[in-house]
Amino acid sequence: MTTIQKVSAVPSPRDAGEDGGPLLEVRDLHVEFHTRDGVVKAVNGVNYSVNAGETLAVLGESGSGKSVTAQAIMGILDMPPAKIPQGEIRFRGQDMLTMSAEERRKIRGRRISMIFQDALSSLNPVLSVGYQLGEMFRVHQGLSKKEAKTRAVELMDRVKIPAAKARVDDYPHQFSGGMRQRIMIAMALALEPDLIIADEPTTALDVTVQAQVMDLLAELQREYNMGLILITHDLGVVADVADKIAVMYAGRIVEQAPVHDLYKRPAHPYTRGLLDSIPRLDHKGQELFAIKGLPPNLLRIPSGCAFNPRCPKAQDICRTQIPELEPVTERDGSELPGRAAACHFWKETIHG
Amino acid sequence: MPELTKSADEAVPSATTAAAGAEVSEDKPEKTRSLWGDAWRDLRSNWIFIVSAVLILLLLVMAAWPGLFTNADPNNKDLANHYLQHPNYGHWFQADWLGYDAQGRSVYARAIYGTRASLLVGAGTTVLVVILGGVIGMIAGYFGGWVDAVLSRLTDMFMGIPFLLGAMVMLNSFTDRSIPVVIAALAFLGWTQTARVMRGAVITVKSTDYVQAAKALGAGTGRILFRHVMPNAIAPVIVVATISLGVYIGAEATLSFLGLGLNGVSWGNDISDGGNSIRVAQWIMLYPSIMLSVTVLAFIMLGEAVRNALDPKTR
Amino acid sequence: MAEPSKKDEQPVGKVNVSKADGAGARLEDEEVAAIEKPVQRGEPILQVRDLKKHFPLTQGILFKKQIGAVKAVDGVSFDLYQGETLGIVGESGCGKSTVAKLLMNLEQATAGHIFYKGQDITKLSGRALKAVRRNIQMVFQDPYTSLNPRMTVGDIIGEPFDIHPEVAPKGDRRRRVQELLDVVGLNPEYINRYPHQFSGGQRQRIGIARGLALNPEIIICDEPVSALDVSVQAQVVNLMERLQDEFNLSYIFIAHDLSIVRHISDRVGVMYLGQMAEIGTDEEIYDHPTHPYTQALLSAVPVPDPDAREHRERIILTGDVPSPANPPSGCRFRTRCWKAQEKCATEVPVLAVPERFKGTDSPAAHESACHFAEEKDVVHAA
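Numbers given to residues run from 1 along each chain, matching the order in which its sequence is written. Note on labels: chains are lettered from A, ligands numbered from 1, in written order. A pLDDT threshold of at least 70 governs which residues receive local features in this predicted model, and a stricter bar of 80 or more applies before side-chain atom pairs are shown or counted, although totals over entire chains, interfaces and linings include all residues. Working from all heavy atoms in the structure, the side-chain values ignore hydrogens and water.

Asker: How do you make sense of the overall build of chain B when you look at a structure like this?
Answerer: Strands here mean DSSP runs of E at least two residues long; helices mean DSSP runs of H or I at least four residues long; both are numbered from the N terminus. The number of helices and strands found in chain B is 11 helices and zero strands. Counting from the amino terminus, helix and strand elements in chain B follow one another as α-α-α-α-α-α-α-α-α-α-α. Burial here depends on accessible area, computed with a 1.4 Å probe over protein chains only, as a share of the maximum for the residue type. Under 20% is buried, over 50% is exposed, and the range in between is partly exposed. Out of the 315 residues in chain B, the part that is buried amounts to 50%. Long-range pairs, those at least 24 residues apart, make up 72% of the contacts in chain B with a sequence separation of at least 6. A total accessible area of about 14,900 Å² is found for chain B, and carbon and sulfur atoms account for 66% of it. Throughout, a residue-residue contact means that at least one pair of heavy atoms, one from each residue, lies within 4.5 Å. The Shrake-Rupley method, run with a 1.4 Å probe sphere, supplies the accessible areas, and residue values consider only the shown protein chains as cover.

Following this line, the structure appears as structure tokens:
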């Protein structure tokens, strides 16, 4: 039955990775796609890191490169047309891009797993859910068919699928959207990975189901002390679960900040514009603020700061010089931990 | 944020026209790019298309003006040239270049003159099949319900008839097997695949929002079918039609080989004749066979290239 | 804002009786005249009464046998007033998109009436239906599928004029199309381009321009911004609000995004499993909801404010929406409702102002289909 609960999603201080360093670190990652019309520069020097037990939200609109970065981490980019001309993806200090294919395979799936937006097309329609869940154990841990099935039922219980035992032999299409997304989560969890990448995990779901699934994900993350990279365009979802946020625009990170700071005092005009352009549920606003113009064409990214044609603060320097992602400080120069922005005028934006 | 314009009346149009202005200068060379235009651009850079198109063009010229390629009469039984005279490979494009057949006719001239019949049968059948199958498929797909049920069962019934056997039975009852008769027989049996492809495409297209939008505007059935449904459903039919054009040419040759094809000059008839003397005069059968294979291959390659251009996802 | 009318009051105008042969043309003239008569601001322009749409579930190929029905819309009533925006919210499968299709006459209603200026449009045909079509237009959800990819923008926006040639003389059409492009904030020089040369937001503007072409009075918007990026959503919402003022339009705005619906709507209806659960002004629904489903829906919306997450109360519903082919007896929400009692399984709650709030001045006194309606503010942090 329905429960009414006070949500206690307060981020608790968690242990860092075993060796102290970040769990996953992406350094200066570039990804481009070679197409008939030219080179699409999807990711242009992305840096971010996640610690164990931490939730990093990567926020961006379509074409910002947020999903491509995740696909590069998972190694599921089609190459060609994709190419990674430079960058590092370090998992527990080791660069996954220079590893042998065998080593990489050991990490992907076992240590890092991924949840996709569309659960229906991510599951094989002709195999039962129990078989697909059990496959992870049979392949990676060499369990027998029977043992694997028992583990599959356990997993389904874990993600709170009612009557798991009775439904283990059902096929994906026999489950509702929310339940299918739970099965996807169960699959990602099967081998107790250190890091889960969730690409728009709730976008296709209804709000009431969205809340269930997000809660489940947060709960499991706490339980297993996993790192979580949450890729989304929804500022509401981010506010509910993230510890820190990286905002992406045209293949770059334009702002990085702990969740509370970002919503209170954005340091990049794009972040600010996004926050101002969403209507509120709790009061009826006047006219919505709208960021003018269109998202950039990745074949022809504007020179200088990619946001300059849409930016209300743009000056000449913005059209010629690409702003680096620099640490953001208080007015008096004291450090703001975890904050950085790629804007020539971040001071004016945050202290404005 | 006082410096940010809050008024939509100003922000929205100025924003878009600003962005638009930027885009116009950038996009100038590709001002209007229709989907057909895109497909055509794709085709032109595809060597398979170029090879098959050149071949087909050559065949078309051959069919229209065979006299450009040979002075010899394909029906001239030149008994002065000995029965089954060997090819004279030095005599380029001469009557005796590829030798003579059992009745003293130039193999080269017959290979050239046979093109017309083959292409006419192929093209005619394809046109008829696209019209017949297209209309039936479109009606079945668009109207659905019992109309679809009846037409689909009819399609299944025709599909159940073995193509060649059916054509043989039909043509057997004609003594004068002219080109229109052969076309009619092949089309009568061949429309089913096109109908199925068209029906499937129409069902996909008719549920799209732009068809709903046209209905919401009050558009009539004719406008919806011909402005919205057909242009978006025709692409797979074109692919199937191009490939099957080659198949019909092959079918005509097969029927002629069996003695149930065209009366007159045709590759199939020549292949059939050549079969009788294959031990002593291989060339009689060889050259019409090469012509036939190249023609069928050219159309299949063209269809493949068109498929890739129209639906880049299959690549 | 208009006074919400009493539901039991019969709408003005007549229900058409079958036309006698001779009187047919004259009747049609009357209908067209009624449709072309202007409506005052604040008067109801559209009245929906007990609308039902059941999709038959069939078995068999040639001889179909009905084995049941999906009750996509099952008795929905509401009014739309001239110049207002009525928001309709609900989860997928609640029937909100089917309502849109019924209002557009894209689907045939199983039962019920849709009165447009007193004329029941479910029964119109011929010229009168065409006149209605001119006045009720639609903007679709997906800007990538709602424009014919093989037509130029000029042909797409000009198509309404081809179908209703009386609206614009032939020589004038190109100018009209360019004007429309300008109105929705697109460069009029784009007239010869194809839809795939535009981004999602621009395509949605093209869709809106097509909807505006015939100078309609009502525009039905089915999730018009949900496929767009956040930064573009605001542009399109602002555009729609500006157009509403400029052309005196009435909107029915169907969406699952409750924040956007609040922003744009004057009144809001909440649908669940083919029925209206609660309807009222935006303030009544968002700040004083009385139906438990509305409360759950509102509390589940993620709020873009990280400070709220620590102390916001959330009602997490268990389970999924039941199948509309086999809805629960009594109140349809009872299988997921924490207040459900025996009465809910046996007695269907009617959509009306709850007894306890009747006659009071409180904003909780709006129509709500719940036996145990009570006010609960879930949106504002405690």
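Asker: What's the story with the interface of chain A and chain C in this structure? I'm lost.
Answerer: Often, the extent of an interface is quoted as the loss of accessible area upon association of its parts. The interface is formed by 56 residues belonging to chain A together with 51 residues belonging to chain C. Buried area, as used here, totals the accessible surface that two parts lose on assembly, with accessibility defined by a 1.4 Å probe and the loss added over both. Surface buried jointly by chain A and chain C totals about 4,900 Å² across both partners, of which 55% is contributed by carbon and sulfur atoms. Here a salt bridge means any side-chain nitrogen of Lys or Arg lying within 4 Å of a carboxyl oxygen belonging to Asp or Glu. The tally of links from chain A across to chain C stands at two salt bridges. Residue C:R314 is joined to A:D215 by a salt bridge in which the shortest nitrogen-to-oxygen separation is 2.8 Å. Put simply, the parts of the chain that give the side of chain A that touches chain C at least two residues each are β1 (3-6), α8 (207-224), α9 (235-241), α10 (259-264) and α11 (269-277) of chain A.

Asker: Would you explain the pattern of salt bridges in this entry?
Answerer: Where side chains of opposite charge bring their charged atoms close, a pairing between them can arise. By the definition in use, this model includes 41 salt bridges over all chains. Between A:R27 and A:E88 there is a salt bridge, with the nearest N and O atoms lying 3.6 Å from each other. A residue pair is termed long-range when its members are at least 10 positions apart, and A:R27 in strand β2 (residues 24-35) and A:E88 in strand β6 (residues 88-91) qualify at 61 residues. Under the relative-accessibility criterion, A:E88 is labelled partly exposed at 25%. Across the pair C:R49 and C:D79 runs a salt bridge whose closest N-O atoms are separated by 2.9 Å. Of this pair, C:R49 sits in strand β1 (residues 44-59) while C:D79 sits in strand β2 (residues 65-81), and the two are 30 residues apart along the sequence.

Asker: Would you take a moment to explain the packing of aromatic side chains for this structure?
Answerer: By convention here, two paired aromatic rings are described through the distance between centres and the angle between planes. Residue and element names in this part refer to chain A. Each pair of aromatic rings taken from Phe, Tyr and Trp, with Trp reduced to its six-membered ring, is defined by centres within 6.5 Å and is described as stacked if the planes are under 30 degrees apart, edge-to-face if over 60, and tilted in the remaining cases. Going through the model one piece at a time under the given rule, you end up with 12 aromatic pairs over all chains. Geometrically, the ring pair formed by Y249 and F307 is edge-to-face, given 5.2 Å between the ring centres and 85° between the ring planes. A residue pair is termed long-range when its members are at least 10 positions apart, and Y249 in strand β11 (residues 244-249) and F307 in the loop between α11 and α12 (316-320) qualify at 58 residues. Of the two residues, Y249 and F307, both sit in the buried class. Taken together, the ring pairs connect Y249, Y270 and F307 into an aromatic cluster. Geometrically, a lysine NZ or arginine CZ counts as sitting over a ring once it is within 6 Å of the ring centre and also within 35 degrees of the ring normal. The aromatic ring of F175 is capped on one face by R167, whose charged end is 4.0 Å from the ring centroid.

Asker: Sorry if this is basic, but what is going on with the nonpolar core here?
Answerer: General note: in soluble globular proteins, nonpolar side chains tend to be found buried as a group. Throughout this description, the term nonpolar core refers to a set of buried Ala, Val, Leu, Ile, Met, Phe, Trp, Tyr and Cys residues connected via side-chain atoms within 4.5 Å. With 84 residues, the main nonpolar core has C:I208, C:L212, C:L243 and C:L258 as its most contacted residues. At seven residues, helix α7 (residues 230-247) of chain C tops the list of elements feeding residues into this core. Among residues more than four places away in sequence, those in contact with C:L258 are A:V207, A:L281, C:V89, C:Y286, C:L297, C:L298 and C:V301.

Asker: It is not clear to me how the sheet that holds strand β10 (residues 275-281) of chain C should be interpreted in this structure. Could you clarify?
Answerer: In a beta sheet, neighbouring strands pair by backbone hydrogen bonds and run either parallel or antiparallel. All names here are of chain C. With mixed pairing, seven strands are arranged side by side in an open sheet as β6-β7-β8-β3-β9-β10-β12. Only two strands of the sheet have a single neighbouring strand rather than two, namely β6 (136-139) and β12 (367-368). Here the axes come from fitting lines to C-alpha atoms, over the contacting stretch only for helices, and the angles between their N-to-C directions go from 0 to 180 degrees. Strands β6 and β7 (218-222) of the sheet are contacted by helix α6 (residues 200-212), whose axis makes an angle of about 175° with β6. Together, β3 (85-89), β9 (267-272) and β10 form the strand contacts of helix α10 (residues 292-300), whose direction differs from that of β9 by roughly 100°. Pairing between two strands requires that DSSP report at least two bridges joining them.

Asker: Which parts of the structure should I look at to understand the environment of B:L302?
Answerer: All names here are of chain B. Of note, L302 is situated in helix α11 (residues 282-310). Using a relative accessible area of 15% as the deciding quantity, one classes L302 as buried. C-alpha separation for the pair L302 and F49, spaced 253 residues apart in sequence, amounts to 5.6 Å. Those residues in contact with L302 that lie beyond four places of it in its chain are F49, S52, I56 and T242.

Asker: Explain the side chain of C:D229 to me, please; I cannot follow it from the model alone.
Answerer: Residue placement: C:D229 occurs in the loop between β7 and α7. Under the counting rule used here, the positive set is Lys and Arg, the negative set is Asp and Glu, and His together with the chain ends is not counted. Buried within the structure, C:D229 lacks any salt-bridge partner; its nearest side chain of opposite charge belongs to A:K66, at an N-O separation of 6.2 Å. What qualifies as a polar contact is a pair of N or O atoms within 3.5 Å, subject to a donor-acceptor requirement within protein and to the restriction that residues adjacent in sequence count only when both atoms come from side chains. At 2.6 Å, the side chain of C:D229 and the side chain of A:S62 are in polar contact. In contact with C:D229, not counting residues within four places along its chain, are A:E61, A:S62 and A:P295.

Asker: What is the right way to look at a nonpolar patch on the surface in this model?
Answerer: Residue and element names in this part refer to chain B. Only residues whose relative accessible area exceeds 30% and that form no salt bridge enter a patch; like-charged residues are grouped when within 9 Å of one another, and nonpolar side chains (Val, Leu, Ile, Met, Phe, Trp, Tyr) when within 5 Å. Side chains of V127, I131, V135, I139 and F143 sit close together on the surface and give an oily, nonpolar patch of about 440 Å² of accessible area. Considering the arrangement of structural elements, one finds V135 in helix α4 (residues 107-143). Under the relative-accessibility criterion, V135 is labelled partly exposed at 44%.

Asker: It is not clear to me how the environment of C:I254 should be interpreted in this structure. Could you clarify?
Answerer: Residue and element names in this part refer to chain C. Of note, I254 is situated in strand β8 (residues 250-255). On the accessibility criterion, I254 (0% relative accessible area) is buried. On a C-alpha basis, the gap between I254 and V89 in space is 6.1 Å, while along the polypeptide they are 165 residues apart. Residues within four places of I254 in sequence aside, it is in contact with I88, K96, A100, I220, C221, D222, E223 and P224.

Asker: What is the right way to read helix α5 (residues 145-158) of chain A from this model?
Answerer: Turn by turn, an α-helix covers 3.6 residues, leaving residues three or four places apart pointing in a common direction. Residues and elements named next belong to chain A. The length a helix should cover is 1.5 Å for every residue beyond the first. Here α5 contains 14 residues, and its C-alpha end-to-end distance of 20 Å stays within 8% of the 20 Å for a straight helix at 1.5 Å per residue. Of all the positions in α5, only A148, A152, V153, L155 and M156 are classed as buried. End-on view of α5: buried residues confined to an arc of 160°, all on one side of the axis. For α5, the elements touching its buried residues are α4 (129-141), α6 (164-167) and α7 (177-189). Directions from the helix axis toward the C-beta atoms define the arc.

Asker: Mind showing me how you'd approach the side chain of A:D95 here?
Answerer: Residues and elements named next belong to chain A. As for its position among the elements, D95 is in strand β7 (residues 94-95). This buried residue, D95, is left without a salt bridge; R90 holds the nearest opposite charge, at 5.5 Å. Side-chain polar atoms of D95 contact the backbone nitrogen of I89, separated by 3.1 Å. In contact with D95, other than residues within four places in its own chain, are G87, E88, I89 and R90.

Asker: Just checking my understanding: could you explain the confidence of the model for chain B for this structure?
Answerer: Note: predicted coordinates in regions of low pLDDT should not be interpreted at a detailed level. Residues and elements named next belong to chain B. Confidence of the predictor at the level of single residues is given by pLDDT, which spans 0 to 100. Looking at chain B, the pLDDT average stands at 79 and 85% of residues meet or exceed 70. When pLDDT is averaged over each helix and strand of chain B, the minimum, 35, is found for helix α1 (residues 8-27) and the maximum, 90, for helix α7 (residues 179-206). This model gives residues 1-30 a pLDDT under 50, and the stretch forms 42 contacts once residues within four places in sequence are excluded.

Asker: Explain the pairing of β10(C) to me, please; I cannot follow it from the model alone.
Answerer: Residues in a regular strand point their side chains to alternate faces of the sheet. Residue and element names in this part refer to chain C. Most of β10 sits out of view: six of its seven residues are buried. In the sheet, β9 pairs with β10 via six bridges, with the strands oriented antiparallel. Bridging across to β10, M271 finds its partner in M276. As consecutive antiparallel partners, β9 and β10 are separated by two residues, and within that stretch L273 has a phi angle of approximately 50°, a positive value. Sheet topology places β10 next to β12; two bridges connect them, and they run antiparallel. Residue pairing across strands places I279 opposite E367, the latter belonging to β12.

Asker: What is the right way to read the packing of helix α9 (residues 221-257) of chain B against helix α4 (residues 153-163) of chain C from this model?
Answerer: A packed helix pair is summarised by two numbers, namely the angle formed by the two axes and the spacing between the axes. Across the interface, α9(B) lies against α4(C) with an axial gap of 13 Å and an inter-helix angle of 165°. Viewed along their axes, α9(B) and α4(C) adopt a mutual orientation that is roughly antiparallel. Taken as a pair, α9(B) and α4(C) cross one another with a handedness that is right-handed. Residue-level inspection shows B:R223, B:R227 and B:H228 of α9(B) in contact with α4(C), the latter providing C:D155, C:E159, C:D162 and C:I163. When residues are grouped by polarity, Ala, Val, Leu, Ile, Met, Phe, Trp, Tyr, Cys and Pro land in nonpolar, Asp, Glu, Lys and Arg in charged, and all others, Gly among them, in polar. Looking at the contact of α9(B) with α4(C) residue by residue, the class counts come to one nonpolar, one polar and five charged. To sort the angles, those under 35 degrees are grouped as roughly parallel, those over 145 as roughly antiparallel, those from 65 to 115 as roughly perpendicular, and the leftovers as oblique. Put simply, a crossing is left-handed when the front helix is turned counterclockwise from the back one by less than a right angle, and right-handed when it is turned clockwise.

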